[in-house]
Structures are given as C-alpha cells and as structure tokens.
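# Understanding the architecture of this molecule
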Number of protein chains: 2
Amino acid sequence: MAKGVTPKSEDYSKWYTDVITKAELADYGPVKGTMVIRPYGYGIWESIRDAFDKRFKDTGHVNAYFPLFIPKSFLSKEAEHIEGFAKECAVVTHTRLKSTEDGKGIEVDPASKLEEEIIVRPTSETVIWSMYKKWINSYRDLPILINQWANVVRWEMRTRLFLRTSEFLWQEGHTAHATEAEAREETDRMLEVYREVLEDVLAVPVLTGKKSESEKFAGAIDTLCIEAMKGDKKALQAGTSHYLGQNFAKAFEVKFQNEENKEDYVYATSWGVSTRLVGALIMVHGDDKGLRLPPKVAPIQVVVIPIVRKDDDSSELMDYLHPLISKLKDSGVRVHVDDRPKMSPGFKFNEWEMKGVPIRLEVGARDMENGEVFTARRDTGEKFGLTLDAASVKIPELLDEIQNSLFNQALEFRAENTHTASTWDEFKSIVEKGGFIKCGWDGTAETENKIKAETKATIRCIPFDEDPSGINCIFSGNAAKHQVVFSKAY
Amino acid sequence: MAKGVTPKSEDYSKWYTDVITKAELADYGPVKGTMVIRPYGYGIWESIRDAFDKRFKDTGHVNAYFPLFIPKSFLSKEAEHIEGFAKECAVVTHTRLKSTEDGKGIEVDPASKLEEEIIVRPTSETVIWSMYKKWINSYRDLPILINQWANVVRWEMRTRLFLRTSEFLWQEGHTAHATEAEAREETDRMLEVYREVLEDVLAVPVLTGKKSESEKFAGAIDTLCIEAMKGDKKALQAGTSHYLGQNFAKAFEVKFQNEENKEDYVYATSWGVSTRLVGALIMVHGDDKGLRLPPKVAPIQVVVIPIVRKDDDSSELMDYLHPLISKLKDSGVRVHVDDRPKMSPGFKFNEWEMKGVPIRLEVGARDMENGEVFTARRDTGEKFGLTLDAASVKIPELLDEIQNSLFNQALEFRAENTHTASTWDEFKSIVEKGGFIKCGWDGTAETENKIKAETKATIRCIPFDEDPSGINCIFSGNAAKHQVVFSKAY
C-alpha cells in the first residue's frame, strides 16, 4: 500500500497527490478540473464542517441556502468586485437538450437559448444582497447573521485536488449590521472562530492578520486572514473574513431606517473557509507514510486489527476485545474494527498508516494470553503494550496527547522556518530556502509588486501584533509603515 | 401577522404560498424558478436531513461528493435514462467573462467557448458510475454504499416553492453490489428508512409500493416509492428507491471479478428524497393559522413569551422562568425565549403560530404569582395552566403527544379520503371529490393512459399489500393484474 508514495523531500507536489490517491481522499472528476471527494476525504470534511457549524451557531448564526445561479448583470453591480474577481466563471446559456436526428445522441436545443446568461456562483455576495434588499427595512431587522454551506465554481486552468479545483465546497457567512462598529466586531469574531478551529481542532497553527490592499478581497474594505505554513515551507491562505463596509449595500440599494429614524446603508461582512482545509491538513501533518490525522477530525480515531492465523476462529479474540471496544465507544471514541478476511495484517497496517488513523491496536493470541493490546501511535511511530484494563482509560488520554503533539510539531516547524530579515540580500536568501520572512514594508503597492516580481514572495499578512517602529522597508529602505510577513504561497 | 393568509378551503395553492411567505420559510431567487431557503425553512431541512443522515450511517452508508458538472456525452450513454429524463437541463457553454469595451458592464468572452458542453447535474447516476468504473475491480470492492447531499438542477417552467424549483437540495444514494439479491434488498431497506422517517419523524403517513412501468425512473428496473396525501387530497411523491439492475454498469462498462473468479456487471440501486419534504410538511399539517410542525423536526419546540407591561422590568420574570428553561434544555428540548422589546404579545403569538412552534408558554405577572406558566398547544389550540414544577416534566411528554396527534390526524384524514371503487362511474365521481382510489387495473399502459387522459388521475403505486384476486380492471373490465392506488397528484 505505502509503495509508490514519492518521498516528500524528493517531490513535494507528487507526494501530496500520492497521499490523496493512496489514502482514497479524492479523485479527479470527468470534467476537467472537477474533484470527487471520496468517502474517507468527505468524512474528514464532515468533522471540519461540524466543528465550524457548532461554533457558528454558538455565536448566533443561522444557516440558509441561496441559489447556485446568478444573473450576469448582478456581477457588474459592485464595480471593484467585478474588476478584481470572478472573470473565470461557468456560464449557463441554454436550458434544454434534445435527441439528435439519428436518435442516438443528444445535443443542445438552440431554441432554449437564454436572454440573459446565468453565472454559476463563484461566491454569493451579489445574490444574497439582492435578497437582503427585500428583507431589510428597519434596524429591527438587523443584524442578519446568515451562513451557507454550498458549492461554488471558479474556472481554473491549473488545478490541484483540495487546493484549487473548478468546483469546491465551502461555507460563506454573509452578515448585515446597523453600524460599522458592529460589522467590524463581527469580522474580528469570525476570524477568531477560524483561528480557534484551525489550531484547536485541525492542530494547524496560523498567523492572523490583515491583507494588504493588493491582496484583499475585491469589494472589501478590509480582509482579515489566517495563514498556515505547509510542509514545503510555503504559505497557505486558510480562511478569510472581510469587512465590506457599505459597498454591497450601495450596489444593491439596501437601506434601513436606523434607531434615530434616519435612512442609512447597511454594513456588511463576509467570511469563508473551504475544502482547501483538507489539503492544509495533509500538507501540514502528512509524512512519507501518508496522512497523520489530528484525532479531533479523524473519521476513525482508533483502528483495531485482530490478528488471526489462517483458518483460526476469530470469535475468542473478538470476545476478548469486546469490553474494551464498548468502553471506548461509550467514551465517544470513534473505533473501527478491521476484520476483513484474506488480508494480511501488514497490508492493513500500511493502509491505516496511509489513512492517518491516530492509534492502531493490534491484538493476536499472545496479546490475549498476556491480557494486553499492542498499541501503535501514528504521530510518533511509538509502539507499546497496554493492559486491557488500562487501555480504556489510557487511549482517550493518548488521543489528547496526539492532538497536542501534532500541533506542537507544526508549531515548531513554523518557528524553525520563520525568519526576520533586515537586508534585501538576507531576504532573497531566505526566500530561496523557504519559510516566512518578517520584515519592514513601506506600505506601497509599488514595492510589493517589485518584490513579488523579483522573488515570487507576497505579503501573506500584516500581523495584528506587528511592530513597525524603528525599522525600514526591506526593499526601498524607507521607513517601514508596517511590519509584515512575506512568503511564497500556493 | 396571520392577516393575509388565504383560507385553505378558499384557495389551497394560494394558502400554501402565503404560509411559506408569512412563516419566512422560502422566497424566489433572482433567476426565474430558483429558490432561497430562508433560515427558518432551512432549520426544518436540517432536522430532516439529520434524521436521514443518522439512519443512512446506521445502515452502513458513507457520504461523498461528486461534481456538479457532467459532460454532455455521459447523458446519452444509458439509452432509457436519456429517453425518459433530463431534457430540461442547465447547459454550460462558456467559462469566462470579460469587461465590455466601455468598461461599465460585463459580457461572455466568446473565446472561452467549450468544445463539449457541460450539463449541470439533474441527478448523478452517470457521473458516479463513471467513477465506480475506476474503483471497482473485484467482489472485494463491493458493496459500495455511498450517499451524497447535493444540489441538482432541472429546468422547470412552472415552479412551486419546495415542490418544484429549478434547483433543489436532496440526497441521492448510489450503491453497487455483487448480486441482484443484495441490490434488491438494499432497494427495499432504503424505502423502509424513508417510510420510517416520514412517519416517525415528519408525522406524515405514507403508502409504500411499486411504480407502474410508465411512472418508474428512466433507467430503473423497478421504482419503489412512498406517497403522501396532501391537505387538498392529492398525492405527493415523497421519495423513491430504484433497483437499477445492471443498466448503468453496462452503460459505463463497470465489471468485476466475482467470488467464482468470473466477470460480471455490477448491480445498482439509487434512492433520493429532497427539500420537497418541507413542502410535504406544510401541506400535510398546516392550517389556516399557518404551519404546524411535528416536534421532532421543529427548529424551536417551545417558545417562551414573557409578558411585560410597558416600562416594567422583565428581570424578575426571567429569574422566575430560568430554572424551567434550564431543565427543558437539559432534557434536550429546543427552547427559545422571545424577549423582543416593543412588540405586543399578540403579535408574537400570531408569529409563532404561523411558524408552527408546537408549544407556546406565556408568562406574565399573575402567572408568576400563581406559580404557573400558561401553555398553548399548536396542534389542537388547547390552552391551560401548568404549575412551574409540573411543567418541566409535562412539556417533554406533551411534545411526544403532539408528535403522535399530528400523525394520527393525518392518518385519519387519509383514511377518510381513501375509497375503493368497483365501477368506472364510481371512480370518476371519487376523482371529482378527491382522494386515493383503490381499484383493479389490467396492467396495461393503454388503460393507464386512457384513465389519465380522461380524469388526470395516475397510478400512485402498486401497494406491497395489494390483493388483485377476483377483482376486475376499473376501466377495461378485464381481470385485474394488480390492485392499485389512483389519485391526482401534484
């Protein structure tokens, strides 16, 4: 099973694809650039989705569903939005098929041509704000705190499973507020929800900060973001939270009567994370044996492999294991027993290692005699015996330990590969070996563009805890307006 | 709030739309025929979805996600499938927009025309079986028990919120098996899951049976179905489970090595329910005051309305209610406190009645003095006082009672409106007053078509418990091949 996985160090991008294929996480669909999320990959996405959904609801949000189809004219309403975004879209022009004359094939019926073309949503600000116009009249109708779980489409030329595909799954929050302060508070709150889920659930440490003007979302006043470091030391944007001001409200004429009985435009936010996070998990935690899943998102946390000699009866072994398995399930541990016949234990070990299951229990006749279960940790590779009695208590503890250990390994990796640069030569040499670079920036788009042109590094974020005092721009040498983090990114 | 709801008896279809609008369940989207599912409607859908999802997983199924986009050529692979289905589709022909020359608008870039048009999925058999071909080699790879929660598109001319819209949400199960017997068992199992959720969770009684040849799914060998009776005595198809035989496996060349080392085509099933079920809930349980929700699917099961006189302090009342509310929440009851200021209790009563919340608790100063809460049941309209102590025990019991009472009311309604016909005149007079008609059918499509042409009634199903012995066809007078249920349907 593990055969054929290209080592990470040899070809990172081949390694990534190999893991996805071998762990059966996803596959390309028949239309170029589309992705099939296979059950094991989807199980991980369900864990991630549920973790976010719970927190969205705990912070007062409700889910809704808006249409996939957007009239073409909507996309030109918010000028910046269309300028900076959404040119690569799937366009629906016809609404009927018919049989070909020979009766064997099928063709598009030209008579079904639409008067106005329809766009498959690349994001839903426009369609949602066209509805908010109908729903909002007074401050009493505010805030609206809506989230949607949906598929979106952006036609991509160069695709990569989970990271960039024509269609992907995501959540998009779209909120409407009576004041700027409230909307900004919401933008901050949701970024903090993102940070918390990434770090505490996905065990992925992230930088939090603000995007520069050139990197922000088209139509936003401010874009806040979380940025992770992948195993190849490049950055991966993992989630964004936008303060949209009154831009969309103005484009869609969404006014309300405020408490002072005056008319004002509504203030907006939007925020999203996507199936890209499954890619982040693979890239941050994976190794040359495959995936390593943090227990909190693992569809299977503990796999039990009974080792039965050919033609032997497995029922005694299963009776032996039964009390432990029930106790673990009662403690909320997701246990799976792999009792597939005619497969060698070695094959199974490799398969579950590839799939990143945090703990593997192997139990044969001798373990049963000793009253033990043989335990293997996926994160460290450690193997040890546990008495059957101890196991039901020890395993939930081990899962917590593995969750923390994966986070700390990733944190350490990021620390090792984060550098401060004070000269341009230093900057260039760090870009070459990879990693995050903290340095001063004069705040101009010109400098940003020049650095990008010369090194391919971009400003990942202006960290909330920046301290630009007394430092100079790494490129222009002028006084720094911000202390920023540069890196190459996916 | 209740003002403006057309009485059911006056105009059923206007009543339906009014309830959806006033209860804020859904709205039409900007593109003709599309639907926005508003938070309250989506909350109901989440309850329905979760009830199914749990049962799918309990019966060994896993979720996955397949692409929205299907190459046009796929739809012509299964001849019957395309013949009977899917002509009204959204067709994607271009993949890029560009700014118009004046820079103010946006237009489709003609250079982005696709070589082969892409169809937005109307259902996913074809794309899924194209993937199964890659994943299935041997009987060891079977069964595949996959479900998908997704949006699908069927271009509809005459739309109706929840019942028929261009885009809707659904689940579609697609399973692959090594034998016909196993696949047929799966088809039956999933129909039983559907029946159980409809009756035990949605409180909607359903007939179970098989579709006639002319009513079955295009590409299926057999279509099993559940059929509900709406408040206008018409039938509503609420879910279908198809035995597909080897039709799709043959179309997509999906062969496997069976246990005897011989090659065979894989056997298939597919099954689905959709957001149409929200429509079923409204139509089966609603009354002239709006929705009546079965507690198991109600986003809010108990609404608490503190009655505070203008400028009075509500904190004493809230302190009084706090222990009851906590106890109810601890028992898993979904409680909502409506403490919106500047709104009259009467307005709130109407709003929550419209939204179908099963139990309303009204509490004012006098109730507090008496140590009581005033209780109103949405299903029967009964109102009575409960002591605060009794309420925490009595309310969960009441919710069960309401769940049963709604089911029984619907069951009674169906019984009253189900008739047996033995002459053609009898048949026609029953069709006129509405309801289900049990009668004999000679099994020919000819008879079926003639009955439909003359009365608009169709065979809803051949019930599993049919008894055709000794009866004659209601139309031709020949010996009945089946005892069937006819009705007009949505």
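Residues numbered from 1 in each chain as written. Chains lettered and ligands numbered in written order. Predicted model: local features only at pLDDT ≥ 70, side-chain atom pairs only at ≥ 80, totals over all residues.

### Regarding the overall build of chain A
Along chain A, the regular secondary structure elements total 13 helices and 25 strands. The C-alpha atoms of chain A give a radius of gyration of 26 Å, which matches the 23 Å a tight globule of 490 residues would have. If one aligns the C-alpha atoms of chain A with their principal axes, the spans along those axes are about 80 × 70 × 50 Å. Residues classed as buried in chain A amount to 49% of the 490 residues present. (Helix = DSSP H or I, 4+ residues; strand = E, 2+ residues; numbered from the N terminus. Rg over C-alpha atoms; globule rule 2.2 N^0.38 Å. Buried ≥ 20, exposed ≤ 12 C-beta atoms within 10 Å, placed from the backbone.)

### Description of the interface of chain A and chain B
Taken residue by residue, the interface counts 53 residues in chain A and 53 residues in chain B. In terms of residue class, the side of chain A that touches chain B is made up of 32 nonpolar, 11 polar and 10 charged. Direction of pairing for strand β5 (residues 91-94) of chain A relative to strand β5 (residues 91-94) of chain B: antiparallel, over a ladder of 3 bridges. Across the sheet, A:His94 pairs through a bridge with B:Val91, a residue of β5(B). (Contact = placed C-beta atoms within 7 Å. Nonpolar A, V, L, I, M, F, W, Y, C, P; charged D, E, K, R; others polar. Pairing = 2+ DSSP bridges.)

### Here we look at the pairing of strand β13 (residues 235-245) of chain A
Residue and element names in this part refer to chain A. Of all 11 residues making up β13, 9 are buried, and the element is well covered by its neighbours. With 8 bridges connecting them, strand β12 (residues 222-229) and β13 associate as antiparallel partners. If you follow Cys225 over to β13, its bridge partner there is Thr240. In textbook terms, the turn of a hairpin is the stretch between consecutive antiparallel strands, and for β12 and β13 this stretch comprises 5 residues, one of which, Lys233, has a positive phi near 70°. Pairing between β13 and strand β16 (residues 267-274): 5 bridges, direction antiparallel. Paired with Gly245 across the strands is Ala268, a residue of β16.

### Comments concerning the packing of helix α8 (residues 315-330) of chain A against helix α11 (residues 388-416) of chain A
Residue and element names in this part refer to chain A. Contact geometry of α8 with α11 gives a least axis separation of 10 Å together with a crossing angle of 15°. Taken together, the axes of α8 and α11 are roughly parallel relative to one another. Here the hand of the crossing between α8 and α11 comes out right-handed. Residues Leu324, Lys327 and Leu328 of α8 lie in contact with α11, whose contacting residues are Leu388, Ala391, Ser392 and Ile395. The residue makeup of the contact of α8 with α11, split by class, is 5 nonpolar, 1 polar and 1 charged. (Axes fitted to C-alpha atoms, helices over the stretch in contact; angles between N-to-C directions. Parallel < 35°, antiparallel > 145°, perpendicular 65-115°, else oblique. Left-handed = near helix turned anticlockwise from the far one by under 90°.)

### Here we look at the nonpolar core
Grouped together as the largest cluster of nonpolar side chains are 296 residues, with contacts concentrated most on A:Leu202 and B:Leu202. What A:Leu202 contacts, discounting residues up to four positions off in sequence, is A:Ile48, A:Val197, A:Leu277, A:Leu281, A:Pro294 and A:Val297. (Core = buried A, V, L, I, M, F, W, Y, C linked by C-beta atoms within 7 Å.)

### Looking at the domain arrangement of chain A
One can read the domain layout of chain A as domain 1 (27-285), domain 2 (300-401) and domain 3 (418-487). Of note, the centres of domain 1 of chain A and domain 2 of chain A, computed from C-alpha atoms alone, are 41 Å apart. (Domains from an automatic or database assignment.)

### Things to note about the relation of the copies chain A and chain B
When chain A is fitted onto chain B, the two copies agree to an RMSD of 0.0 Å after a turn of 180° and an axial shift of 0.0 Å. In symmetry terms, the pair is related by a two-fold rotation axis. Of every C-alpha in chain A, the one belonging to A:Val92 sits nearest the axis of rotation, 2.1 Å from it. (Least-squares fit on C-alpha atoms with pLDDT ≥ 70 in both.)

### Focus on the sheet that holds strand β23 (residues 436-441) of chain B
All names here are of chain B. With respect to topology, 11 strands assemble into an open sheet ordered β3-β9-β10-β16-β13-β12-β11-β24-β25-β23-β22, the strand pairing being mixed. Strands at the two margins of the open sheet, each flanked by one partner only, are β3 (62-63) and β22 (418-420). Sheet topology note: the strand β9 (residues 144-153)/strand β10 (residues 167-177) ladder contains 10 bridges and is antiparallel. Across the sheet, residue Ile146 finds its bridge partner in β10, namely His174.

### Quick look at the sheet that holds strand β21 (residues 383-387) of chain A
All names here are of chain A. The sheet built from 5 strands is open, its strands ordered β18-β17-β19-β20-β21 with mixed pairing. Two strands close off the open sheet at either side, each with one partner strand: β18 (335-337) and β21. Along the sheet, successive strands turn relative to each other by an average axial angle of 25°, direction set aside. Relative to β18, strand β17 (residues 302-306) runs parallel, the two sharing 3 bridges. What sits directly across from Val304, in β18, is Val337.

### Describing helix α9 (residues 345-354) of chain B
Residue and element names in this part refer to chain B. For α9, the complete set of buried residues consists of Lys348, Glu351, Trp352, Glu353 and Met354. Contacts from the buried residues of α9 go to α1 (12-22), β17 (302-306) and β19 (359-363). Following α9 by one or two positions, Gly356 adopts a phi angle in the positive range, close to 75°.

### What to know about unusual backbone geometry
Here the bond from A:Leu142 into A:Pro143 is cis, since omega is -5°, no more than 30 degrees from zero. Of note, A:Pro143 is situated in the loop between α4 (125-135) and β9 (144-153). At B:Glu24, a residue that is not glycine, the phi angle is positive and equals roughly 55°. Its location among the elements puts B:Glu24 in the loop between α1 and β1 (26-28). Look at B:Lys233: it is not a glycine, yet its phi comes out positive at around 70°.

### What to know about the environment of A:Lys452
Residues and elements named next belong to chain A. Topologically, Lys452 is positioned in helix α13 (residues 445-455). Sequence-wise, Lys452 and Glu351 are 101 residues apart; in three dimensions their C-alpha atoms are separated by 41 Å. In this structure Lys452 touches Ala457 and Thr458, once residues within four positions along its chain are discounted.

### Here's the deal with the packing of helix α2 (residues 39-58) of chain A against helix α5 (residues 180-201) of chain A
Residue and element names in this part refer to chain A. At a closest axis distance of 11 Å, the pairing of α2 and α5 adopts a crossing angle of 140°. Classed by the angle they form, the pair α2 and α5 counts as oblique. The two elements α2 and α5 meet at a crossing, and its hand is right-handed. Residues Ala51, Phe52 and Arg55 of α2 touch α5, and the partners they reach there are Val193, Val197 and Val201. The class makeup of the residues in the contact of α2 with α5 is 5 nonpolar, no polar and 1 charged.

### Section: the confidence of the model for chain A
Overall, the predicted model of chain A reaches an average pLDDT of 95, with 97% of residues at or above 70. In the predicted complex, the global pTM is 0.96; the interface-specific ipTM is 0.96. (pLDDT = per-residue confidence, 0-100.)

### Regarding the environment of B:Lys327
Mapped onto the secondary structure, B:Lys327 falls in helix α8 (residues 315-330). A count of 18 C-beta atoms within 10 Å places B:Lys327 in the partly exposed class.

### Regarding the environment of A:Gly290
Residue and element names in this part refer to chain A. Its location among the elements puts Gly290 in the loop between α7 (276-285) and β17. For Gly290, a count of 25 C-beta atoms within 10 Å puts it in the buried group. A C-alpha to C-alpha distance of 42 Å links Gly290 and Ala268, two positions 22 residues apart in sequence.

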